[in-house]
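These are the residues of each chain, in order.
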4 protein chains.
Amino acid sequence: MPGNIFGTEFRITTFGESHGKAVGVIVEGVTPGLDLSESDIQKEMDKRKPGQSEVSTSRKESDIVHIVSGIFEGKAAGTPLTMIIFNEDANSESYENVKKLFRPGHADYTYYKKYGIRDHRGGGRSSGRETAARVAAGAIAKKILLKTGIKISAYVTKATGVECIDCDLFEIEKNIVKACDSKAAKTIVERILRLKEDGNSAGGVVECKISGVPAGLGEPVFDKLDADIAKAMLSIGSVKGIEFGLGFKSADVTGKENNDQMGKNGFLSNNAGGILGGISTGEEILFRIAVKPTASILSEQKTIDINGNEVVCKTEGRHDSCICPRIVPVVEAMAAIVVLDHLKRQKAICV
Amino acid sequence: MPGNIFGTEFRITTFGESHGKAVGVIVEGVTPGLDLSESDIQKEMDKRKPGQSEVSTSRKESDIVHIVSGIFEGKAAGTPLTMIIFNEDANSESYENVKKLFRPGHADYTYYKKYGIRDHRGGGRSSGRETAARVAAGAIAKKILLKTGIKISAYVTKATGVECIDCDLFEIEKNIVKACDSKAAKTIVERILRLKEDGNSAGGVVECKISGVPAGLGEPVFDKLDADIAKAMLSIGSVKGIEFGLGFKSADVTGKENNDQMGKNGFLSNNAGGILGGISTGEEILFRIAVKPTASILSEQKTIDINGNEVVCKTEGRHDSCICPRIVPVVEAMAAIVVLDHLKRQKAICV
Amino acid sequence: MPGNIFGTEFRITTFGESHGKAVGVIVEGVTPGLDLSESDIQKEMDKRKPGQSEVSTSRKESDIVHIVSGIFEGKAAGTPLTMIIFNEDANSESYENVKKLFRPGHADYTYYKKYGIRDHRGGGRSSGRETAARVAAGAIAKKILLKTGIKISAYVTKATGVECIDCDLFEIEKNIVKACDSKAAKTIVERILRLKEDGNSAGGVVECKISGVPAGLGEPVFDKLDADIAKAMLSIGSVKGIEFGLGFKSADVTGKENNDQMGKNGFLSNNAGGILGGISTGEEILFRIAVKPTASILSEQKTIDINGNEVVCKTEGRHDSCICPRIVPVVEAMAAIVVLDHLKRQKAICV
Amino acid sequence: MPGNIFGTEFRITTFGESHGKAVGVIVEGVTPGLDLSESDIQKEMDKRKPGQSEVSTSRKESDIVHIVSGIFEGKAAGTPLTMIIFNEDANSESYENVKKLFRPGHADYTYYKKYGIRDHRGGGRSSGRETAARVAAGAIAKKILLKTGIKISAYVTKATGVECIDCDLFEIEKNIVKACDSKAAKTIVERILRLKEDGNSAGGVVECKISGVPAGLGEPVFDKLDADIAKAMLSIGSVKGIEFGLGFKSADVTGKENNDQMGKNGFLSNNAGGILGGISTGEEILFRIAVKPTASILSEQKTIDINGNEVVCKTEGRHDSCICPRIVPVVEAMAAIVVLDHLKRQKAICV
């Protein structure tokens, strides 16, 4: 079974390659009657679009979203809602030198082994450009969730080895790396620029908070809320790990320390990160993902070509020296899709 | 949509509660003609079964697997293979005192909010007992994989805050905590017993290695191999995080350090943990999961009852003071199910 | 992908072969809190069970249903509800003579070509015995539907070439062929017995009426209500066709005659059979299925063995000379499952 | 769960409304490396496109297919293949008079009850225009199947009450009603034109033959090959029934007459229509569908408006007086998608 569909009640099917004509998405399950316009989507697209700052890729894409179905007189019709984002600044020429070889850290080799095809143009389907479609779909999910009081915020808590000490959600949009601590943000930007100069790149950690989720969402035993969020996050390129609540630190503490006791007004702590037994507790959902350093670096690396010969590769193309800030809206989008899906799944339980 | 089904081509549907009559599983996609007997399954069941050591629960379950369909003359018939494991030592009386309250750290509260039902008997469906069905299904997957040269090994690398220094797979079965380092194992056992005496519990980290996986498995962009493994692992109770290859450490290194370069004989390193772009590279797949300390502790904790009144809870019942050793076979089982599923999915690509 | 799962929100996974240990089903999506006991199920099982009359097989199965999970204190717990029906009177010996050959009209040859296995014992998984599991699951669906005012009635309208003139639902349980016309029933019974004596068999037509379905159920464009009912019905062994409302007769009339006009109190006719554009209209849903004559006949027939040699086959075993009466409860069960599934799907639309 | 996805291994997701910007489809599971161009698709599109003859609608659509993803250097890349067909001649004005009322025989009322939205423009998503996307996807499936020797032919065997006596596949493309008998075709055309003049419409029967299907396709017990074909066909607008092989006639014959006996060279007859127990026998697959008369008629009919008031409706718009000839390519497309899907499903069985 192919893998371009995500979700059950709120369900997306995405398509498109980095240097093809377009990327896009069909969204099913949009609440019929919902007021929806392209500008609702565009707002979110603009958060992800390339070329926003000096730490980002220089590729210029306006990322204009075109809704081609599913809307009638400004309202969602209940029918599949399709959005297309055309690729405008695909510059495949700069990929000519890697046409027949596999760039280290990229999916070039694995796609070739899977499909027997080497689409060298900017990573093809494995490119981060694919996530534009997710952000478009997520924008709709976020709008629906907001009406029920559910809010999602993602931000960078670590990059280039520098960790945020404070966590101030108002800081996020004030710095170009979307960090939740202005001081840390400054150092992170400096370090990214230095790495960039050096033909190198950085990774980091993105955290996500979801507030307003009612207790009871998640489907035991396999479609647990955290299991589905984990799948959603690991399906984003460059993500190498996820943890909920205390996460890997929970391995080191005792049960007495870790258990969240309860009082009249809810839980007395939230080490669980808002999920117990795969079902939401009503507390804030909290998770963090590990983002590896951008695979594209302007340095020579050993690799092989499609005939198996050893060669030296020097990536050109355009890329982000640290992908974390641009992953932030993708994390929010995928989180929104999972939560909305489970909100709808819960509705189907009682008939 | 309910959530008791996992997989696509190799697909399992599980059922059963901790103190109901039985737990079990229907397995679809077993290779027709495969030699299969109950003893093939029992071997794996015995690795998970309770009461094996002083760090484990005192519940006594022989965990005998009964195959009730899908086998004809000792061979898999291609039809759904059903296995049942009866609950023998369900002692619901010791749960009487928690009948109307929610045990901290457990899924009592969330199940109640979801279904409006309080099945207090040993955790009901949210109990670790449910994983017996997964191990039974995984035993079949492992047998099929082994014929294609794929081997899966999970083991404890950390518990009670003590980390393994060596990683010797031959050590795993020699110590009761399934650690990969005999020295660390000793300390871990001591610490667990001390915590147990203190009415407390411990968590840890379980690592899993999968060797022999051919390059090319995984379905972009949502059903990536790592995304599906992440979902499988987070669907196991008590698991709070997962990381692949360098994992969260990749957030701190640079692209130059992190990229796995290639030579004639394959990759020169494996920071990726055997997966790039969601597709297997042919290298060893490596991941680690964070396991929280057992929620059941013999200490007083604050909680509320189903009427919202504040009460004090003291769990009795039987439980593992550290669940890590018993999660090991479950990790192997779920990993086997994911890999076999993707092996089959890859077969369907070319017609 | 294997095919033993049906439904989405109300979802069943079945297992079991005719002469294995048992048949059974895991049901997901049972409304939590629903009062449910084995006797609720047994009532429906008894309608399908073999050996009820002289036109039915002489196989004696008490078809006692055992609920092994999903119930807590007499109520559905929201967890998967598993039911097992043990095979008691499997007499595999009478199938020894067909062990190595393919019975005409049966699935012997096709199962062998698919799986490479020849399970000769009473048809294995392809036996009508598998439908016991469907009836058990359907009994739950029917109970839930009844609470919302939805009723399902199936009955024989034709068999042995004899058609019912009247359609009186009160007659159905009064005759052993479940026909809706007592006069026709008499002739049908006579003809079946004559065919039986002659080592021959008969087919027929089963009609199904579903009342109380609200307008709006069905999911365009592929999961239309009629499309899902059609799949459900064609998934029952021996069914060779289905038609809704006017059905094949609609091919012969004009648009003026066929269109159902509307007035204040609803539709002025129901040629559509209660479904337009794949969505329920609120009128009675009406469909008919074609049932082929029982493949098992006590007469010599030409066939081949598993080595391809031409041989003569004379089926022994036990069987129904006309399967129509026993398909009736299966039709009701599958119809109930589809309608309940779509009722739940509709709930998920609005969040 | 919404319903715009069909298939498992070869899977399509469609979108688009009759008078929106476009209709289209994402196709997953296209064999990587397959030579594919827009002209391969266009050939099939031209068979379905409107305005081809005097019995067809006067709407003029060039139905040009644009491939926007999934192709690299003229070959399928293994990634989702997206096709868009823009709506060019949408004339919504002629639907102004039905803006607030429900046309008899159409899905206007049921869509309104389901989604609470009245998209009056040419039927919206329920329009036959949606099938353009199916034909585009089916063109790819047919191309892949042809390479394995599987051919699909659909044609009209009955319309306006006139039945074909001969069945000559070479005649199909020679007459504008795609009938398999030239004499019958003549009468059918005459009758359709007469009905058209009279503001009336006709239905008919479409038959489909699939040759070259190997024995063994189909997934018991729910995803039987005939069950999946039935679902596919009933998901096409205006289809009210389906029968395989002898179909409804099998209800009238005896087992002796109906059973297909076997000899060295295969089956001695094919009353089963090429499917036994839901699995292909290797014989030609044969089925027929009942198509109701076009709901749009230029005559006054009673109906209600969205406020429940009784009104008189006179459809204008453009439409086919008999939809049968234009359903022919849709039947072939959906049949191809089902068979290819099951061919791929069978591949996944053995690992």
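Predicted model, so just to flag it, every value in this text is computed and none were measured. (Residues numbered from 1 in each chain as written. Chains lettered and ligands numbered in written order. Predicted model: local features only at pLDDT ≥ 70, side-chain atom pairs only at ≥ 80, totals over all residues. Heavy atoms only, no water.)

Draft legend 1. A look at the environment of Thr131(C). Residues and elements named next belong to chain C. Note on placement: Thr131 falls in helix H3 (residues 131-147). Here the alpha-carbon distance between Thr131 and Ile84, two residues 47 residues apart in the chain, equals 12 Å. The contact partners of Thr131, leaving out residues within four places of it in the chain, are Arg48 and Val330. (Helix = DSSP H or I, 4+ residues; strand = E, 2+ residues; numbered from the N terminus. Contact = heavy atoms within 4.5 Å.)

Draft legend 2. Geometry of the interface of chain B and chain A. Taken together, the contact pairs 106 residues of chain B with 106 residues of chain A. Surface buried jointly by chain B and chain A totals about 8,100 Å² across both partners, of which 58% is contributed by carbon and sulfur atoms. The largest per-residue losses of area from chain B upon contact with chain A belong to Lys114(B), Phe222(B) and Lys240(B), which jointly make up 11% of the total buried on that side. In this structure, Lys256(A) and Asp198(B) form a salt bridge, with 3.7 Å as the shortest nitrogen-oxygen distance. Taken together, the links from chain B to chain A amount to 59 residue pairs in polar contact (both at pLDDT 80 or more). Looking at the side of chain B that touches chain A residue by residue, the class counts come to 45 nonpolar, 36 polar and 25 charged. Pairing of strand E11 (residues 239-244) of chain A with strand E11 (residues 239-244) of chain B involves 3 bridges; the strand directions are antiparallel. (Buried area = accessible area lost by both parts, 1.4 Å probe. Salt bridge = Lys/Arg side-chain N within 4 Å of Asp/Glu carboxyl O. Polar contact = N/O pair within 3.5 Å; in protein donor to acceptor, adjacent residues only side chain to side chain. Nonpolar A, V, L, I, M, F, W, Y, C, P; charged D, E, K, R; others polar. Pairing = 2+ DSSP bridges.)

Draft legend 3. Geometry of the relation of the copies chain B and chain A. Structural alignment of chain B on chain A gives an RMSD of 0.0 Å, achieved by rotating through 180° and translating 0.0 Å along the axis. Such a combination of rotation and displacement between the chain copies is what one expects of a two-fold axis. Across chain B, the smallest distance between a C-alpha and the rotation axis is recorded for Lys231(B), namely 2.5 Å. (Least-squares fit on C-alpha atoms with pLDDT ≥ 70 in both.)

Draft legend 4. Expanded view of helix H3 (residues 131-147) of chain D. Residue and element names in this part refer to chain D. For H3, spanning 17 residues, the distance from its first C-alpha to its last is 24 Å, which sits close to the expected 24 Å at 1.5 Å a residue. A large share of H3 lies buried, amounting to 14 of its 17 residues. Taken from the residues just after H3, Gly149 is the one with a positive phi, measuring 90°. (Expected span 1.5 Å × (residues − 1). Buried < 20%, exposed > 50% of the residue type's maximum accessible area, 1.4 Å probe, protein only.)

Draft legend 5. Representation of the relation of the copies chain B and chain D within the structure. For the match of chain B to chain D, the screw axis carries a shift of 0.0 Å, the RMSD comes to 0.0 Å, and the turn is 180°. The residues that chain B uses at the interface reappear at the interface of chain D in 100% of cases, marking a shared surface.

Draft legend 6. Spatial organisation of the pattern of salt bridges. Within the structure shown, the criterion is met by 103 salt bridges over all chains. Among the salt bridges present, the one from Glu243(A) reaches Arg288(A), with a minimum N-O distance of 2.9 Å. In this pair, Glu243(A) sits in strand E11 while Arg288(A) sits in strand E16 (residues 285-291), placing the two residues 45 residues apart along the sequence. The exposure class assigned to Glu243(A) is buried, which follows from its relative accessible area of 11%. For Arg288(A), a relative accessible area of 14% puts it in the buried group. Asp252(D) is paired through a salt bridge with Lys158(C); the nearest N and O atoms lie 3.0 Å apart.

Draft legend 7. Here's a closer look at the interface of chain B and chain D. Counting residues at the interface gives 14 residues for chain B and 14 residues for chain D. Summed over both partners, the interface of chain B with chain D buries about 1,200 Å², with 65% contributed by carbon and sulfur atoms. Three residues, Lys347(B), Ala348(B) and Val351(B), lead the burial of chain B against chain D; their summed loss comes to 42% of the area buried on that side. Summed over the shared surface of chain B and chain D, the result is 0 salt bridges. Counting across the interface, chain B meets chain D through 4 residue pairs in polar contact (both at pLDDT 80 or more). Of all the elements, helix H7 (residues 324-347) of chain B adds the most residues to the side of chain B that touches chain D, at 4 residues.

Draft legend 8. Structural detail: the side chain of Asp119(D). For Asp119(D), the location among the structural elements is in the loop between helix H2 (108-115) and H3. One polar contact links Asp119(D) to Arg121(D), side chain to side chain, over a distance of 2.7 Å. If we skip the residues at most four places from it in the chain, Asp119(D) touches Phe72(A), Glu17(D) and Gly124(D).

Draft legend 9. Structural context of the pairing of strand E16 (residues 285-291) of chain C. Residue and element names in this part refer to chain C. Of all the 7 residues making up E16, 7 are buried; the element is thus mostly covered by neighbouring parts of the structure. Alternating positions in E16 separate into two faces, Ile285, Phe287, Ile289 and Val291 on one and Leu286, Arg288 and Ala290 on the other, with burial throughout. Both strand E10 (residues 204-211) and E16 contribute to a ladder of 7 bridges, which runs antiparallel. Looking at the pairing, Lys209 lines up with Leu286 of E16. Pairing of strand E11 (residues 239-244) with E16 involves 5 bridges; the strand directions are antiparallel. Its bridge partner lying in E16, Val239 is registered against Val291.

Draft legend 10. A look at helix H2 (residues 108-115) of chain C. In terms of burial, H2(C) is a largely internal element, 6 of the 8 residues being buried. Among the residues of H2(C), Asp108(C), Tyr109(C), Thr110(C), Tyr111(C), Lys114(C) and Tyr115(C) are the ones counted as buried.

Draft legend 11. Geometry of unusual backbone geometry. Omega for the peptide link from Pro220(B) to Val221(B) comes to -5°, which places this bond in the cis form. Here the phi dihedral of Lys178(A) falls at roughly 55°; this positive angle occurs in a residue that is not glycine.

Draft legend 12. A look at the sheet that holds strand E3 (residues 22-28) of chain B. Residue and element names in this part refer to chain B. One open sheet holds the 5 strands; their spatial order is E1-E2-E3-E7-E4, and the pairing between them is antiparallel. For this open sheet the edge positions go to strand E1 (5-6) and strand E4 (65-69), each flanked by a neighbour on one side alone. Summarising the sheet, E3 and strand E7 (residues 81-86) pair through 6 bridges and their orientation is antiparallel. Following the sheet pairing, Gly24 is matched in E7 by Ile84. Together, E4 and E7 form the strand contacts of helix H1 (residues 38-48), whose direction differs from that of E4 by roughly 140°. (Axes fitted to C-alpha atoms, helices over the stretch in contact; angles between N-to-C directions.)

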